[in-house]
Amino acid sequence: MTEIQLYDQVRIVTSRFEGDGVVAGMRGYVVEKFADGEFEVEVSDPATGETVALLTVRPGDVER
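Not measured: the values here are computed from a predicted model.

Basis of the calculations
- Residue numbers here run from 1 along each chain, matching the order of that chain's written sequence.
- Predicted model: local features are reported for residues with pLDDT of at least 70 only, side-chain atom pairs are reported and counted for 80 or more only, and whole-chain, interface and lining totals are derived from all residues.
- Calculation of side-chain values draws on the structure's entire complement of heavy atoms; hydrogens and water are dropped beforehand.
- What counts as a helix is a DSSP run of H or I of at least four residues, what counts as a strand is a run of E of at least two, and both are numbered from the N terminus.
- Categorising residues by exposure relies on relative accessible area from a 1.4 Å probe, with only protein chains included: less than 20% of the type maximum marks a residue as buried, more than 50% marks it as exposed, and the intermediate range marks it as partly exposed.
- Accessible areas in this description were obtained via Shrake-Rupley with a 1.4 Å probe; residue shielding takes into account the shown protein chains only.
- Positive residues here are Lys and Arg, negative ones are Asp and Glu, while His and the chain termini are left out of the count.
- Charge placement uses NZ in Lys and CZ in Arg. For Asp and Glu, CG and CD serve respectively.
- In the sections that follow, a salt bridge refers to a side-chain nitrogen of Lys or Arg positioned within 4 Å of a carboxyl oxygen of Asp or Glu.
- The rule for pairing is simple: two strands pair if DSSP sees at least two bridges between them.

Help me out: how do you make sense of the overall build of the chain in this one?
Of regular secondary structure, the chain possesses zero helices and five strands. Along its sequence from the N terminus, the chain presents helices and strands in the succession β-β-β-β-β. Taking all 64 residues of the chain together, the buried fraction comes to 28%. Surface exposure of the chain reaches about 4000 Å², of which carbon and sulfur atoms provide 47%. Considering the chain, the positive charge centre built from 6 side chains and the negative charge centre built from 13 side chains are found 7 Å apart.

Given below as structure tokens:
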């Protein structure tokens, strides 16, 4: 499996972010990669392009 990189599109695979308006299956883009292995992911509304949430996620929270 290829390592997730900056600017990759990823799919949220956890319900951990439902309080932020993000449910499993939603897609976002990696906008920052941290030294500890976590990522900053921006999830946007596909219809409007507006940001729904900016999340710090663990590698297991997302998949390519």
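So that's the structure; there's more coming.
Help me understand the pattern of salt bridges, please; the structure alone is not making it clear to me.
For side chains bearing opposite charge, pairing can occur when the charged atoms are close. The tally for this structure, following the rule as stated, stands at four salt bridges. We note a salt bridge from R11 to E63, for which the minimum N-O separation is 2.3 Å. Note that R11 is positioned in strand β1 (residues 9–12) and E63 in strand β5 (residues 62–63), a separation of 52 residues in sequence. D61 is paired through a salt bridge with R16; the nearest N and O atoms lie 2.6 Å apart. Remark: R16 occurs in the loop between β1 and β2 (27–33) and D61 occurs in the loop between β4 (51–57) and β5; sequence separation between them is 45 residues.

Hey, could you run me through the pairing of β4 in this one?
In the case of a regular strand, side chains alternate between the two sheet surfaces. Of the pairings in the sheet, the one linking strand β3 (residues 39–44) to β4 comprises six bridges and is antiparallel in character. Within the sheet, the bridge partner assigned to E40 lies in β4 and is T56. Adjacent in sequence and paired antiparallel, β3 and β4 are bridged by six residues, among which G49 carries a positive phi angle near 80 degrees.

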